[in-house]
Amino acid sequence: MEAILKDPAGAVIGLDFDGTLSPIVPDPAAAVIHPEAPGVLAELGRHVRAVAVVTGRPPATALELGPGLAEVPGLVILGHYGFERWENGAISGPPPPAGVPRAEAELPLLIDSLGLKGVAIEDKGRAVAVHTRRADDPEGALEVLRAPLAELAARHDLVVEPGRFVLELRPPGMDKGHALGLFLAERDARSVMFAGDDLGDLAAFEAVRASGLPGVTVCSGSTEVTALAERADIVVDGPDGVVALLRELVSAFSG
């Protein structure tokens, strides 16, 4: 933190979206960025080397759910765990993998065969997520789904990414840690902060430590995920706490 405060122009600030910039809600499509986050990020972007949102969502979805993000100076969105990138108004990335739509086509029948109710399927373009938050027994439904989804993913050359009452099927070869590590090298970062809330953010925490840079990891705390809090340098109270921490940084940079 000392290195970031002394040399903000060399700092990269990385942030997850859901649960970090946006509160977790039962319907992922209804998630909305914290109302104060875009303004704080815009101020932050004027001081630091880069602000990067690293998310499993497509960049276009993050922009839709995060009005004002597009105006943050120098913002880069590394979506789909880094497979897609939004920068300066343009999205780039390789073609979607064929295994994702094939696996998605099999999901309704699979879920029905397991007798699960209230389980939702989210089409994320380059990935497909299965949410159990609205099931009668969210944790129980998640456990029932683990093995069948692992088998389905393997058949279609995909991997399963666990999260807060969600299992996501996506292509292998990229995660938040890999995406963040590549971005730090690209930008010649001199320090780094990353804030996340879920198991998928552990890889980014590891990337902070593996970078060899002065770095700090921040957990957007909740009662649903404790593994991340145990590995974080700082734990804050959800998106409210993340925004408050970023606001303190802006205040310190502004003198």
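Looking at an unreviewed UniProt entry, the protein chain carries the name Trehalose 6-phosphate phosphatase, with the source organism given as Nonomuraea rhodomycinica. As recorded by UniProt, the Function (unreviewed entry) comment attached to the protein chain reads in full: "Removes the phosphate from trehalose 6-phosphate to produce free trehalose."

Trainee: How do you make sense of the sheet that holds strand 4 (residues 84-87) when you look at a structure like this?
Mentor: Whenever strands of a sheet pair, they do so through backbone hydrogen bonds, lying parallel or antiparallel. Read from one edge of the open sheet, 8 strands run 5-4-3-2-1-10-11-12, paired in mixed fashion. What marks the edges here is a single partner per strand, and that holds for strand 5 (90-92) and strand 12 (234-236). The mean angle between the axes of side-by-side strands here comes to 20 degrees, regardless of whether they run parallel or antiparallel. Pairing of strand 10 (residues 191-196) with strand 11 (residues 215-220), which is carried by 5 bridges, proceeds in the parallel orientation. Counterpart to alanine 195 in the pairing with strand 11 is valine 218.

Trainee: How should the environment of isoleucine 121 be read in this particular structure?
Mentor: With respect to the secondary-structure elements, isoleucine 121 resides in strand 6 (residues 120-123). Residue classification places isoleucine 121 among the partly exposed positions, given a relative accessible area of 34%. Counting along the chain gives 45 residues from isoleucine 121 to valine 166, while the straight-line C-alpha distance between them is 9.6 Å. Residue contacts for isoleucine 121: discarding those within four places in its chain leaves Glu104, Leu107, Pro108, Ile111, Val128 and Ala129.

Trainee: Looking at this model, I keep getting lost on helix 4 (residues 99-113). Mind explaining?
Mentor: Structural remark: α-helix, 3.6 residues per turn; residues separated by three or four positions point the same way. The end-to-end C-alpha distance of helix 4 is 21 Å, a good match for the 21 Å that 15 residues give at a rise of 1.5 Å each. At leucine 107, helix 4 shows its maximal kink, close to 35 degrees; a proline, proline 108, follows between one and four residues later. Of the residues making up helix 4, those classed as buried are Gly99, Val100, Ala103, Leu107, Leu110 and Ile111. In this structure, the buried side of helix 4 is in contact with strand 6, strand 7 (128-131), helix 5 (138-155) and strand 9 (166-170).

Trainee: How should the nonpolar core be read in this particular structure?
Mentor: Of all hydrophobic cores here, the largest spans 34 residues; its most connected members are Leu15, Leu41, Leu44 and Leu246. Considering every element that reaches this core, the biggest residue donor is helix 9 (residues 238-253), with 7 residues. In this structure, leucine 15 is in contact with Leu21, Leu41, Val51, Ala52, Val53, Val54, Phe194, Ala195, Val242 and Leu246, ignoring residues within four places of it in sequence. Counting 23 residues, the second-largest nonpolar core is a separate cluster that includes Ala50, Leu78, Ala189 and Leu202.

Trainee: Honestly, the sheet that holds strand 8 (residues 159-163) in this entry has me stumped. Any pointers?
Mentor: Read across the sheet, 4 strands follow the order 6-7-9-8 without closing on themselves; strand pairing throughout is antiparallel. The open sheet is flanked by strand 6 and strand 8, the only strands paired with a single partner. Taken pair by pair, the neighbouring strands of this sheet meet at an average axis angle of 20 degrees, ignoring direction. In this structure, strand 7 lies alongside strand 9, joined through 4 bridges in antiparallel fashion.

Reading the values: rules and limits
Residues numbered from 1 in each chain as written. Predicted model: local features only at pLDDT ≥ 70, side-chain atom pairs only at ≥ 80, totals over all residues. Heavy atoms only, no water. UniProt positions renumbered as here; feature names shortened; annotations may be inferred. Pairing = 2+ DSSP bridges. Helix = DSSP H or I, 4+ residues; strand = E, 2+ residues; numbered from the N terminus. Axes fitted to C-alpha atoms, helices over the stretch in contact; angles between N-to-C directions. Buried < 20%, exposed > 50% of the residue type's maximum accessible area, 1.4 Å probe, protein only. Contact = heavy atoms within 4.5 Å. Expected span 1.5 Å × (residues − 1). Bend = angle between axes of the 7 residues up to and from the residue. Core = buried A, V, L, I, M, F, W, Y, C linked by side-chain atoms within 4.5 Å.

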